[in-house]
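Reading the structure
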Amino acid sequence: MTEHVPVVIIGGGIGGLTLGALLRRLDIPFVILERAPVVTPQGAGISLAPNCLRVLEQLGLLQAIQVNSQELLGIRVYREKDCWGTINFGLAKRWFGYNVHSIERHEFHRYLYEAAGGAETVRFGWNVVDIVDGENARAPVRVVSDDGRTIYADVVAGADGIRSATRRIVCSLLYSARHLLTDAACWFFGPQSREYDSLHGTSSHVGIHPTVRTSDFRRSRNGPLDVV
């Protein structure tokens, strides 16, 4: 039986779980596909800034985070024994409503995992190898794992980190269609690429949006913005 869900999120890290938690509060069905076979502690600590805490409060996680984190009023930056300087967070709460908090990364990940629905919505051992567009704009997208499993979705969100399979797959489609040039860092394409509403890739600095004309805006890695 073919499975079809409104939203598939690829990647069960902080970004994917946060999106899942938001969708869950909005009662929008989704699944999160994570390549790892099990949850394992990753990293050490993570600092949560006021803009992050505002979202976490809306997700109902702020109280638990405040109890199990350390409030930061400032940090000192060292290189070996030399102090390079101090960053003062003392005005953060006055300006933004929240102080900066530091928490163990795996503890923070657990809160997000539970907020996103836990085992009910997160599927481990899903190594995505292909994302296939439907035959037309109304047809669902097909997501394929390396062991042949398939799931269909109306929306696919890539949140799978620096080794993003989502970005690799979508960029390969664009390169094959000769929509991207290898010597540019950012492109804005016109109506010829309207099938892509938005594409962002942090490692290759790519952003694509439909424009009202067919001109290409190309920014080289070291030069100014040119209009071609």
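Counting starts from 1 at the beginning of each chain's written sequence and moves along it residue by residue. The predicted nature of this model means local features are confined to residues of pLDDT at least 70 and side-chain atom pairs, given and counted, to a pLDDT of 80 or more, with totals for whole chains, interfaces and linings taken over all residues. Side-chain calculation: all heavy atoms of the structure are included, whereas hydrogens and water are not.

**Remarks on the overall build of the protein chain**
Quick reminder of the rule: By definition, any uninterrupted DSSP run of H or I lasting at least four residues is a helix, any uninterrupted run of E lasting at least two residues is a strand, and each is numbered from the N terminus. Remark: exposure states derive from per-residue accessible area (1.4 Å probe, protein chains only) relative to the maximum for the residue type, with buried under 20%, exposed over 50%, and partly exposed in between. Residues are treated as being in contact if the distance between any of their heavy atoms lies within 4.5 Å.
Within the protein chain one finds six helices and 16 strands. Within the span of the protein chain, comprising 228 residues, buried residues form 38% of the whole. Intrachain contacts of the protein chain at a sequence separation of at least 6 include 55% that bridge at least 24 residues.

**Quick look at the packing of aromatic side chains**
Counted only if it meets this: Pairing of aromatic side chains requires ring centres within 6.5 Å, counting the rings of Phe and Tyr and the six-membered ring of Trp. Pairs whose planes differ by under 30 degrees are stacked, by over 60 edge-to-face, and all others tilted.
Going through the model one piece at a time under the given rule, you end up with two aromatic pairs. Relative to F96, the ring of W95 lies with its centre 6.3 Å away and its plane at 90°, an arrangement referred to as edge-to-face. We classify F96 as partly exposed; its relative accessible area is 47%. An angle of 40° between the planes, with centres 6.2 Å apart, marks the rings of Y113 and F124 as tilted. One end of the pair, Y113, is in helix α5 (residues 105–115); the other, F124, is in strand β8 (residues 122–124), with eleven residues separating them in the sequence. Look at F124 and you get partly exposed, because its relative accessible area is 26%.

**Regarding the pattern of salt bridges**
How we decide: Whenever Lys or Arg places a side-chain nitrogen within 4 Å of a carboxyl oxygen from Asp or Glu, that contact is recorded as a salt bridge.
With the rule as written, the count across this model stands at four salt bridges. Close ionic contact of R123 with E3 constitutes a salt bridge, the shortest N to O distance being 2.5 Å. Within this pair, whereas R123 is found in strand β8, its partner E3 is found in the segment before β1 (4–10), the two being separated by 120 residues in sequence. For E3, a relative accessible area of 29% translates into the label partly exposed. We note a salt bridge from R110 to E114, for which the minimum N-O separation is 3.1 Å. Residue R110 and its partner E114 are located together in helix α5, separated by four residues, close to a single helical turn. R110 gets classed as partly exposed once you look at its relative accessible area, which sits at 35%.

**Some thoughts on helix α1 (residues 14–25)**
Every α-helix winds through 3.6 residues per turn, so residues three or four apart in the chain are directed the same way. How we decide: An expected span of 1.5 Å times one less than the residue number is assigned to each helix.
When the terminal C-alpha atoms of α1 are compared, their 17 Å separation across twelve residues agrees well with the 16 Å that a helix rising 1.5 Å per residue should span. Every buried residue of α1 is listed here: G16, L17, T18, G20, A21 and L23. On its buried side, α1 packs onto β1, β2 (30–34), α5 and β8. A positive phi of about 60° marks D27, the residue just after α1.

**Looking at the sheet that holds strand β4 (residues 70–72)**
Put simply, the rule reads: By the convention used here, strands pair only if DSSP detects at least 2 bridges between them. Where helices are involved, their axes are fitted lines through C-alpha atoms of the stretch in contact, as for all axes, and angles between N-to-C directions lie from 0 to 180°.
On the basis of which strands lie adjacent, the open sheet formed by three strands has the order β3-β7-β4 and antiparallel pairing. Of all strands in the sheet, those with a lone pairing partner are β3 (45–48) and β4, marking the two edges. Taking the axes of each pair of neighbouring strands and ignoring which way they run, one obtains an average angle of 30° across the sheet. Sheet analysis places β4 next to strand β7 (residues 100–104), joined by three bridges and oriented antiparallel. The partner of E71 across the bridge, within β7, is H101. Where helix α2 (residues 50–58) meets the sheet, its contacts fall on β3 and β7, and the angle it forms with β3 comes to roughly 90°. Sheet strands in contact with α5 are β3 and β7, and its direction is about 95° off that of β7.

**Description of the sheet that holds β8**
Strands sit in the order β8-β2-β1-β11-β10-β9 across an open sheet of six strands; the sheet is mixed. Two strands close off the open sheet at either side, each with one partner strand: β8 and β9 (128–132). Across the sheet, the mean angle separating the axes of adjacent strands is 40° when strand polarity is ignored. Where β2 lies against β8, three bridges are found, and the strand directions are parallel. Across the sheet, the residue bridging to L33 is R123, located in β8. Here α1 sits on the sheet and contacts β1, β2, β8 and β11 (150–158); the angle it forms with β2, its principal contact strand, is near 165°.

**Structural notes on unusual backbone geometry**
Phi is positive for D27, which is not a glycine, with a value near 60°. Inspection of the secondary structure puts D27 in the loop between α1 and β2.

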